[in-house]
Amino acid sequence: MSDAVAATNDLPIDLTLSDDELDAHREHITQFIRRVVDDAGADGAVIGLSGGIDSTLTAHLAVEALGEGAVRGLVLPSEVNTEGNMSDAERVAELLDIEYDVVDIEPIVDAFFEAAPLENVDDRIGSDPLRTAAGNVRVRTRGVLNYFVANAESRIVLGTGNRSETLTGYFTKYGDQAVDCNPIGNLYKRQVRQLADYVGVPQDLVEKPPSAEMWAGQTDEEEMGLSYDLLDAILVLHVDGPLSASATASTLDVDDSVVARVDELYAQSEHKRHLPPAPDALSL
Ligand SMILES: NC(=O)c1ccc[n+]([C@@H]2O[C@H](COP(=O)([O-])OP(=O)(O)OC[C@H]3O[C@@H](n4cnc5c(N)ncnc54)[C@H](O)[C@@H]3O)[C@@H](O)[C@H]2O)c1
Ligand SMILES: Nc1ncnc2c1ncn2[C@@H]1O[C@H](COP(=O)(O)O)[C@@H](O)[C@H]1O
Ligand SMILES: O=P(O)(O)OP(=O)(O)O
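Thresholds applied
- Residues numbered from 1 in each chain as written.
- Chains lettered and ligands numbered in written order.
- Predicted model: local features only at pLDDT ≥ 70, side-chain atom pairs only at ≥ 80, totals over all residues.
- Heavy atoms only, no water.
- UniProt positions renumbered as here; feature names shortened; annotations may be inferred.
- Helix = DSSP H or I, 4+ residues; strand = E, 2+ residues; numbered from the N terminus.
- Buried < 20%, exposed > 50% of the residue type's maximum accessible area, 1.4 Å probe, protein only.
- Contact = heavy atoms within 4.5 Å.
- Axes fitted to C-alpha atoms, helices over the stretch in contact; angles between N-to-C directions.
- Parallel < 35°, antiparallel > 145°, perpendicular 65-115°, else oblique.
- Left-handed = near helix turned anticlockwise from the far one by under 90°.
- Nonpolar A, V, L, I, M, F, W, Y, C, P; charged D, E, K, R; others polar.
- Near = heavy atom within 4 Å.
- Polar contact = N/O pair within 3.5 Å; in protein donor to acceptor, adjacent residues only side chain to side chain.
- Areas by Shrake-Rupley, 256 points an atom, 1.4 Å probe, with all protein chains shown as cover.

## Regarding the UniProt feature "binding site: Mg(2+)" (unreviewed entry) in the protein
- UniProt's feature table lists "binding site: Mg(2+)" (unreviewed entry) at D54 and E165, given in the numbering used throughout. Of the residues just listed, which span 112 residues, no C-alpha pair is farther apart than 10.6 Å, and they cluster in one region.
- Note on placement: D54 falls in helix α3 (residues 53–66).
- Given the relative accessible area of 9%, D54 is considered buried.
- Among residues more than four places away in sequence, those in contact with D54 are T160, N162, E165, I184, K189 and V192.
- Its place among the elements puts E165 in helix α8 (residues 163–168).
- E165 gets classed as buried once you look at its relative accessible area, which sits at 10%.
- For E165, the residues in contact, after removing those within four places along its chain, are D54, T160, Y170, F171 and Y228.

Written out as structure tokens, the structure reads:
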């Protein structure tokens, strides 16, 4: 493991995987990708590349699973994406030697803004709820494009969600999680970084601060209000694990309110982890 990944964890719980465990995850995930593509009778996969660690690792593993000829990348900049992140996304596609296209989504997003029956949009765009709503339009626009290409070319859409995002609902409903599978969905964020490092993802991408880039300057950790290492520890000990909220807080030497915040994220996002509910069938 690189020093950069090792150095970040100063918590009393260590999620670090051994090399044998990393090999096992790598094999398990690549088998999973092959099986999903085979079961769908598809010819390959499409993946949105953002220059972030989740899509970069997923793309690496997809190429290992399917070969570079079967993976197609889509780099879909909007006006809030930085040039650095978009050129990182292109660099990933080039390093992996996969076919990719760059499509500016802003004209599509503009069309939604013009069509939406909302008042004073321009005055309200800088603050919530419109800021998040607008960001979600960008995210969902990418989902539509991913599926357009997948349908037209007999591919599946690879998702890039990890377990930390799933458990906190840190994704856009029917947006970045409008996908056919999540190959890295059983890894906590820290383990994503570790596996990425292990399979040879460039160091600058392993160390890059995670960002949904739904608005300029957004970072995951600032929006969620805690670091991924702390979040992962609370998820492992408490949400996925057996410890009570108070035992988790004292084990991690954090205030009870931090664990309560994670409980709240988990509870509020329950609806995102299920198919849309309907009333029970009535027998009349
Ligand atoms: N991976 C990433 O880094 C990433 C990517 C995209 C979005 N995000 C984050 O995800 C969040 C997306 O915003 P959001 O969660 O407000 O939008 P969302 O559209 O994903 O979810 C909110 C919507 O869910 C529905 N809903 C809410 N409560 C419900 C309930 N109890 N039952 C059924 N439906 C319910 C409503 O339609 C509501 O408008 C933001 O914080 C954004 O930054 C993160
Ligand atoms: N600009 C983007 N181009 C293509 N795909 C993208 C872009 N931004 C995000 N994505 C995809 O969505 C997921 C989740 O994104 P976050 O940056 O974590 O919000 C990402 O892994 C890409 O697959
Ligand atoms: O989903 P990605 O690839 O954009 O990674 P991150 O969430 O770390 O920015």
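## Considering the packing of α3 against helix α9 (residues 189–199)
- Packing of α3 against α9 brings their axes to within 10 Å, and their N-to-C directions diverge by 50 degrees. Taken as axis vectors, α3 and α9 run oblique relative to one another. The hand of the α3/α9 crossing is left-handed. Here α3 contributes I53, D54, L57, H60, L61 and E64 to the contact with α9, which in turn contributes K189, V192, R193, L195, A196 and V199.
- Residue classes in the contact of α3 with α9 are distributed as seven nonpolar, one polar and four charged.

## Quick notes on the UniProt feature "binding site: ATP" (unreviewed entry) in the protein
- UniProt's feature table lists "binding site: ATP" (unreviewed entry) at G48, L49, S50, G51, G52, I53, D54, S55, T160, K189 and S211, given in the numbering used throughout.
- Locating T160 in the fold gives a position in the loop between β4 (155–157) and α8.
- Discounting chain neighbours no more than four positions away, the residues touching T160 are I47, D54, S55, T58, E165, N182 and I184.
- Within the secondary structure, K189 sits in helix α9.
- Judged by its relative accessible area of 3%, K189 is buried.
- When residues no more than four places from it in sequence are discounted, the contact partners of K189 are I53, D54, N162, S164, P210, Y228 and D232.

## Describing the site of ligand 3
- Taken together, S50, G52, I53, D54, S55, E165, K189, P210, S211 and D220 are the residues near ligand 3.
- Contact between ligand 3 and G52: an oxygen atom at 3.3 Å from a main-chain N or O atom of the residue.
- At a separation of 3.1 Å, an oxygen atom of ligand 3 approaches a polar backbone atom of S211.
- Alone, ligand 3 offers 280 Å² of accessible surface; in the complex the protein occludes 87% of this.
- Broken down by element, the shell around ligand 3 gets its largest block of residues, three residues, from α3.
- Counted by class, the shell around ligand 3 contains two nonpolar, four polar and four charged residues.

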